[in-house]
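# Close look at the chain arrangement
Residue-level listing of the chains:
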Amino acid sequence: MKAVILVGGEGTRLRPLTCNMPKPVVPIVNRPFLEHTIDYLRQHHIEDIILALCYLPGPIQSYFGDGSGWGVRLTYVVESSPLGTAGAVKNVASHLEDTFFVLNGDVFADLDLTAMLAYHRGEKAKVSIALTPVDDPTIYGVVETATSGRVQRFVEKPSWDEVTTNMINAGTYILEPEVLEYIPARTHYMFEHGLFPLLVGRGEPVYGYPSDSYWIDIGTPEKYLELHHDLLSGRSARSLAGQTGGTATEEGCHIHPTAQVGREVIIGRNCTIARGAQVTGPSVLGQGCRIGEGAVLEGAVLWHNASLGAGVRARNCIIAANTEVGDHCSLMDNCVLGDNVVIGEGSQLGRGIRVWPGERLEPGTISR
Ligand code: GDD
Ligand code: MG
């Protein structure tokens, strides 16, 4: 069984995290996002994986190589300009002979791929689309199905008055190779606006496979943070090798005896947590992070080598790699600091403030 993972998007909504790094390699609990997906595919005996790349392909290829380190075979196909979701699959058609999976590369889900395949075969579907319930369907593709499971309508990013169900396209498909014939070659073409509505309109057997297991698209910083919180608090069934519930500290860390580290905290290698600091979960520290004296961190995700000064307060925020936050700064919910940012001491960043990679804020900056 082969799978194509769509990993060519620019990840615009996840900026500044994706300014220098493609979305598939942003760390999730200190491991690149795609590593979790590859492990999951392998658990379902899908070991032949084709990565359809476009934006910043280099970091993905150099990290995963031929995939043997993960027990899979990886094939990379790089688009010179974005071909869209379906165009990207057409572009790798020479590697696809049999029934295959397609996965959006930014979804973390507990979907049972093996059961979905059995369903697809049982219904003799040409396309099966995994479905998941959400509160706000307008930011996804809405999929209407008959009681038989057959898809009757597919509307991408509908307005509220077009929403007839809360079941949306979960971004995992099973396709029969013959449907590739409907996709124009070397042309930007989408499953969502093109192929799916076309096949449904022609009465082809397109089925929806509903699942209420854990599902999230990490397309925005808020969702990125939510995935961390969910994984650490055990909301996903995906096993993260002892990384759920308790505290895990890797080797080489120095945690001062007066520092308090709560539950649901993961601390990467060689971190330092100074006197009187508090780290409350769910939080993740990448390797080599430094937390200053009396700093208070709550629900935060830090990438490697982030350094927070004395008395810093940071709540529910994301701090990317090699960032320095000066003494007594405060960062409120959903602040996102890109790589190599320097925040001068005593600065206050209000909710949702984003700081671009390499930016330096003067001491005492107040940004709301
Ligand atoms: N290779 C390649 N080329 N990949 C692409 C391209 C392209 O031109 N455009 C997008 N992708 C990849 C992205 O990297 C991502 O992994 C996936 O396709 C989906 O793109 P997003 O930009 O994340 O789309 P979305 O989240 O707004 O909507 C899609 O996903 C929803 C579920 O998360 C749609 O499929 C919706 O219908 C769906 O509900
Ligand atoms: Mg997405």
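Remember, predicted model here, so these are calculated numbers, not experimental data.

Here the focus is the environment of Ile 183. Here Ile 183 lies in the loop between strand 11 (167-175) and helix 5 (191-201). Since its relative accessible area comes to 2%, Ile 183 is described here as buried.

Tallied over the entire structure, the rule returns 13 aromatic pairs. Between Tyr 119 and Tyr 207 the ring centres are 6.3 Å apart and the planes differ by 75°, which places this aromatic pair in the edge-to-face class. Of this pair, Tyr 119 sits in helix 4 (residues 113-123) while Tyr 207 sits in strand 12 (residues 206-210), and the two are 88 residues apart along the sequence. The pair formed by Tyr 119 and Tyr 207 is uniform in burial state, with each residue classed as buried. Each ring, one from Phe 191 and one from Phe 196, has its centre 5.1 Å from the other, and the planes form 20°; the classification is stacked. Assessed through its relative accessible area of 0%, Phe 191 is described here as buried. Following the ring pairs from residue to residue traces out a cluster consisting of Phe 154, Tyr 173, Phe 191 and Phe 196.

Turning our eyes to something else, we now look at empty space enclosed by the protein. Per the stated rule, a full pass over the model turns up two cavities of 30 Å³ or more. Volume-wise, the largest cavity comes out at about 120 Å³. The wall of the largest cavity is formed by Thr 37, Tyr 40, Leu 41, Leu 103, Asn 104, Val 107, Phe 108, Ala 109, Leu 111, Leu 113, Thr 172 and Arg 238. Within the residue set of the lining of the largest cavity, elements represented by two or more residues are helix 1 (33-43), strand 6 (100-104) and strand 7 (107-109). Classifying every residue of the lining of the largest cavity gives eight nonpolar, three polar and one charged. Here the second largest cavity defines a volume of roughly 30 Å³. If you trace the second largest cavity, you find it lined by Ala 109, Leu 111, Leu 131, Thr 132, Ala 170, Ser 211, Ser 213, Tyr 214 and Trp 215. Class assignment for the residues of the lining of the second largest cavity results in six nonpolar, three polar and no charged.

This part takes up the coordination of the magnesium ion (ligand 2). At 2.1 to 2.3 Å from the magnesium ion (ligand 2) lie its protein donor atoms, namely Asp 106 (OD) and Asp 217 (OD). You can see Asp 106 sitting in the loop between strand 6 and strand 7 and its partner Asp 217 sitting in strand 13 (residues 215-217), a full 111 residues away along the chain. Asp 217 matches Asp 106 in its accessibility class, with the two residues each being buried.

To continue, consider the site of ligand 1. Not every one of the 27 residues close to ligand 1 is listed here, only the nearest: Glu 79, Glu 156, Asn 169, Glu 192 and Asp 217. Between Glu 156 and ligand 1, the recorded distance is 2.6 Å, taken from a side-chain N or O atom to an oxygen atom. Interatomic distance of 2.6 Å between a backbone N/O atom of Asn 169 and an oxygen atom of ligand 1. In isolation ligand 1 exposes 740 Å². Once the protein is present, 90% of that is buried. One can see that ligand 1 is located within the largest pocket. When contributions to the shell around ligand 1 are tallied by element, the ones reaching two or more residues are strand 1 (2-7), helix 3 (84-90), strand 11 and strand 13. Among the residues making up the shell around ligand 1, the classes are represented as 11 nonpolar, eight polar and eight charged.

Moving on, we get to the pairing of strand 5 (residues 73-78). Bridge analysis of strand 4 (residues 48-53) against strand 5 gives six bridges, and the strand direction is parallel. In the strand pairing of strand 5, Ile 50 is matched with Thr 75. Viewed along the sheet, the connection from strand 4 through helix 2 (residues 57-64) into strand 5 turns out right-handed.

Where helix 2 is concerned, the buried positions are Pro 57, Ile 60 and Phe 64. Angular distribution of buried residues about the axis of helix 2 spans 70°; they occupy a single face of the element. On its buried side, helix 2 packs onto strand 1, strand 3 (31-32), helix 1, strand 4 and strand 5. The positive-phi residue at the C-terminal boundary of helix 2 is Gly 65, with phi of around 55°.

Conventions we followed
- Residue numbers restart at each chain and count upward from 1, following the sequence in its written direction.
- Chains and ligands are labelled sequentially in the order written, the chains with letters from A and the ligands with numbers from 1.
- Only residues with pLDDT of 70 or above have their local features reported here, since the model is predicted, and side-chain atom pairs are shown and tallied only from 80 upward, although totals for entire chains, interfaces and linings are computed over all residues.
- Working from all heavy atoms in the structure, the side-chain values ignore hydrogens and water.
- Secondary structure elements follow DSSP: runs of H or I no shorter than four residues count as helices, runs of E no shorter than two count as strands, and numbering proceeds from the N terminus.
- Buried, partly exposed and exposed residues are distinguished by accessible area as a fraction of the type maximum, computed with a 1.4 Å probe on protein chains only: under 20%, between the cut-offs, and over 50%, respectively.
- Geometry of aromatic contacts follows a simple scheme: Phe, Tyr and Trp rings, the Trp one being its six-membered ring, pair when their centres are within 6.5 Å, and the pair is stacked under 30 degrees between planes, edge-to-face over 60, tilted otherwise.
- For each structure, a 1 Å grid was placed over the protein atoms alone; sets of points admitting a 1.4 Å probe that cannot get out are labelled cavities, open sets with protein on both sides within 12 Å along at least five of seven lines are labelled pockets, and lining residues have an atom within 4 Å of a point.
- Grid points are joined across faces, edges and corners, and a volume is the space filled by probe spheres set on the points.
- Polar here means any residue other than Ala, Val, Leu, Ile, Met, Phe, Trp, Tyr, Cys and Pro, which are nonpolar, and Asp, Glu, Lys and Arg, which are charged; Gly is therefore polar.
- Water is not among the atoms examined, so metal sites may look incomplete; donors are the N, O and S atoms within 2.8 Å of the metal, or within 3.2 Å for Na, K and Ca.
- By convention in this text, a residue qualifies as near a molecule or strand provided that one of its non-hydrogen atoms is within 4 Å of it.
- Polar contact is the term for a pair of N or O atoms within 3.5 Å; when the atoms are in protein, one must be able to donate a hydrogen and the other to accept it, and sequence-neighboring residues count only if both atoms are side-chain atoms.
- Using a 1.4 Å probe, accessible areas were evaluated by the Shrake-Rupley method; residue-level cover was limited to the displayed protein chains.
- Here the criterion for a molecule occupying a pocket or cavity is that more than half of its atoms lie within 2 Å of the pocket grid points.
- We treat two strands as partners when DSSP finds at least two bridges between them.
- Assignment of crossover handedness uses the view with strands pointing away from the viewer, where a clockwise path from the first strand over the helix to the second indicates a right-handed crossover.
- Throughout, the arc means that of the directions going from the helix axis to the C-beta atoms.
- We call two residues in contact whenever any of their non-hydrogen atoms come within 4.5 Å of each other.

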